Amino acid sequence: LMIRRPPRSTPKPSSAASDVYKRQVNDMSGILEGVKVLDFGRYIAGPFCGALLADYGAEVIRIERVNGSEDRYVTPVSNDGQGAMFLQLNRNKLGLTLNPTKDKGKEIVKRLVERSDIVIANLPEQTLKSMGLNYEDLKSINPGIILTSNTAFGTTGPYAERVGFDGVAQAMSGAMDMTGDPEKPTKAYAPYVDFCSASLAAFGTLLAFLEKQKTGKGQRVQTSLLQTALTTTNSLLIEQEILNVNREASMNRAQTSGPSDTFKTKDGWILVQTVGRPLFERWANLMGEDHWLNDKKFEDDLSRGENGLIISERMAEWCSQRTSAEAIKELESSRIPVGEVLKANETLHEEHILKKGSFIKMKYPTMDKEYSVVGPAIDLSENPGEIKTRSPELGEHNIEILSGLGYSQEEIDQLKEDRII
């Protein structure tokens with residue numbers, strides 16, 4: 001499938017762009033140039049997997065319902081309801097609307113699959129089958145196809161047919177119970193399980209693609225939110241299984257090292273995190289508590305975690321006498337890890353983030369204001385990832401894609417009238 005894309009203007013980086021971005025806007029072909037991907041994903045786990053591949057050159061077609069997928073409108077930020085999440089996760093993609101359950105829609109899917117390398121679909125197993133996107137059906141069309149899917153609980157076990165989101169996996173993995181107040185389990189605001197699942201899915205997809213280069217065979221790649229969440233809490237679970245410690249949440253204070261907590265300063269909050277004897281020694285000397293270095297209560301990370309309340313109280317007293325900037329300066333001079341607790345508006349204007357060139361400024365046709373999309377998190381010294389285009393409008397590339405599949409303008413008009421696209 002060859003798509004002729006119109007000339008595109010390169011999005012500009014945020015102020016004081018870094019050399020990283022300057023390398024990104026060269027004329028090199030992406031590492032995954034020529035790889036064709038169909039993205040039937042929804043929300044985060046599927047679309048971010050597709051975005052990761054697109055950032056490095058893959059041609060990714062995001063396929064939505066005729067009226068737009070539900071994730072297009074999550075956290076709306078424009079007058080016509082475009083969602084912040086969609087703007088982030090569908091950069092660098094072509095946009096196609098399609099009803100794959102109708103016969104003419106199934107024919108379009110067939111033509112697309114014949115010309116593709118990878119299909120991404122984070123959909124329940126029965127939905128995959130009803131849409132003809134299950135692996136056996138796809139393989140019958142294209143034996144070399146790779147199907148990457150993500151479910152809430154996996155496709156085996158008693159909960160295989162259940163649906164779920166990021167928070168459900170956080171709850172079942174033990175993470176929520178250990179977060180926040182011990183009287184009220186707390187979910188992390190950032191959907192880290194979704195993003196980690198998408199990253200693992202992209203990793204698995206590339207492994208399958210490498211294997212295909214050797215064998216010529218495609219395969220199915222699966223991730224699940226619960227398996228990802230369990231991966232992040234595995235050390236907690238191992239400790240519980242072996243030692244039966246029955247830990248309880250302690251807000252921001254760590255339980256296996258110290259000081260590791262949030263502290264209020266004269267004008268805000270900071271987070272300090274220390275692990276290991278050398279860091280604790282530097283901290284104790286800064287506090288004027290060098291005698292603690294010979295105290296059995298603080299002899300190793302575990303004992304410092306068990307007596308973390310004492311350490312946090314001392315640190316809180318020290319921080320209360322300083323502004324955040326003053327505290328950070330002194331802690332940095334002792335090479336102690338520290339960061340200011342920022343609100344979203346402060347993060348958008350944080351000096352280091354801007355000078356590092358973390359944000360790429362983009363514009364959407366129905367929005368007056370520019371918005372900041374975070375650039376690729378992996379920095380390659382050769383042929384790095386690049387954000388070239390904004391997320392597509394609904395059905396923006398219908399004509400280009402269908403023309404590339406051999407449909408005439410008359411046929412495309414009829415498909416639109418029949419609500420196939």
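Refer to the structure presented above.
Parameters at a glance
Residues numbered from 1 in each chain as written. Predicted model: local features only at pLDDT ≥ 70, side-chain atom pairs only at ≥ 80, totals over all residues. Heavy atoms only, no water. Helix = DSSP H or I, 4+ residues; strand = E, 2+ residues; numbered from the N terminus. Buried < 20%, exposed > 50% of the residue type's maximum accessible area, 1.4 Å probe, protein only. Contact = heavy atoms within 4.5 Å. Lys, Arg positive; Asp, Glu negative; His and termini not counted. Charge placed at Lys NZ, Arg CZ, Asp CG, Glu CD. Core = buried A, V, L, I, M, F, W, Y, C linked by side-chain atoms within 4.5 Å. Pairing = 2+ DSSP bridges. Axes fitted to C-alpha atoms, helices over the stretch in contact; angles between N-to-C directions. Patch = residues over 30% accessible without salt bridge, like charges linked within 9 Å, V, L, I, M, F, W, Y side chains within 5 Å. Areas by Shrake-Rupley, 256 points an atom, 1.4 Å probe, with all protein chains shown as cover. Salt bridge = Lys/Arg side-chain N within 4 Å of Asp/Glu carboxyl O. Phe/Tyr/Trp six-rings, centres within 6.5 Å; stacked < 30°, edge-to-face > 60°. Lys NZ or Arg CZ within 6 Å of the ring centre and 35° of its normal. Parallel < 35°, antiparallel > 145°, perpendicular 65-115°, else oblique. Left-handed = near helix turned anticlockwise from the far one by under 90°. Nonpolar A, V, L, I, M, F, W, Y, C, P; charged D, E, K, R; others polar.

(A) Looking closely at the overall build of the protein. Check the secondary structure of the protein and you find 18 helices and 14 strands. Taken along the three principal axes of its C-alpha coordinates, the protein extends 85 × 50 × 45 Å. Counting every position in the protein, which comprises 421 residues, the buried fraction comes to 46%. Taking all contacts inside the protein whose residues are at least 6 apart in sequence as the whole, residues at least 24 apart take part in 69%. Separation of charge centres in the protein, based on 51 positive and 59 negative side chains, amounts to 3 Å.

(B) Seen up close, the nonpolar core. Counting 29 residues, the largest nonpolar core has Phe40, Ile108, Leu112 and Leu402 as its most contacted members. When contributions to this core are tallied by element, the ones reaching two or more residues are strand S3 (59–64), strand S4 (93–97), helix H4 (103–114), helix H6 (135–141), helix H17 (398–404) and helix H18 (409–417). Excluding its chain neighbours within four sequence positions, the residues that come into contact with isoleucine 108 are Leu98, Leu402, Leu405, Tyr407, Leu415, Ile420 and Ile421. Core analysis: the next-biggest nonpolar cluster, separate from the first, contains 23 residues, Val37, Cys49, Val60 and Leu89 among them.

(C) Looking closely at the sheet that holds strand S11 (residues 269–273). Reading across from one edge, S10-S11-S12 is the order of the three strands in this open sheet, with antiparallel pairing throughout. Looking at the sheet topology across the chains shown, the edges are occupied by strand S10 (260–264) and strand S12 (338–340). For this sheet the average axis-to-axis angle between neighbouring strands, irrespective of direction, equals 20 degrees. The sheet contact formed by S10 and S11 spans five bridges and is antiparallel.

(D) Layout of a negative patch on the surface. On the surface, Asp177, Asp181, Glu183 and Glu248 cluster together into a negatively charged patch. Checked against the element boundaries, glutamate 248 lands in the loop between helix H10 (234–243) and S10.

(E) View of the pattern of salt bridges. In this structure the tally under the stated criterion is 26 salt bridges. Of the charged contacts, one joins arginine 115 and glutamate 114 as a salt bridge, the two residues approaching to 3.6 Å between their closest N and O atoms. The exposure class of glutamate 114 is partly exposed, given its relative accessible area of 39%. A salt bridge links arginine 390 to glutamate 396, with the nearest nitrogen and oxygen atoms 2.9 Å apart. Taken together, the salt bridges that share partners define one network made up of Arg42, Arg65 and Glu70.

(F) Spotlight on the sheet that holds strand S5 (residues 118–120). Overall, parallel pairing links the six strands, which are arranged S4-S3-S2-S5-S6-S9 in an open sheet. Single-partner strands in this sheet number two, and they are S4 and strand S9 (220–224). Recorded for the sheet is a direction-independent mean angle of 20 degrees between the axes of neighbouring strands. For strand S2 (residues 36–39) and S5, the ladder comprises three bridges, and the chain directions are parallel. Residue pairing across strands places aspartate 39 opposite isoleucine 120, the latter belonging to S5.

(G) Representation of the packing of aromatic side chains within the structure. Under the defined criterion, the tally for this structure stands at seven aromatic pairs. Seen in terms of ring centroids, tryptophan 283 and tryptophan 292 are 5.9 Å apart; in terms of plane orientation they differ by 35 degrees. Their pairing is tilted. You'll find tryptophan 283 and tryptophan 292 in the same group, each marked buried. Put simply, the rings of Phe280, Trp283, Trp292 and Phe298 touch in pairs and so form one group of aromatic residues. Here the guanidinium or amino end of arginine 111 rests over the ring plane of tyrosine 407, the centre of that ring lying 4.2 Å away. Note that arginine 304 overlies the ring of phenylalanine 280, its terminal NZ or CZ placed 4.6 Å from the centroid.

(H) View of the packing of helix H11 (residues 277–287) against helix H13 (residues 308–320). Packing of H11 against H13 brings their axes to within 11 Å, and their N-to-C directions diverge by 50 degrees. Relative to H13, the element H11 lies oblique. Considering only the axes of H11 and H13, their crossing is left-handed. In this structure, H11 contributes Phe280, Trp283, Leu286 and Met287 to the contact, and H13 contributes Ile311, Arg314, Met315 and Trp318. A class-by-class count of the residues in the contact of H11 with H13 yields seven nonpolar, no polar and one charged.

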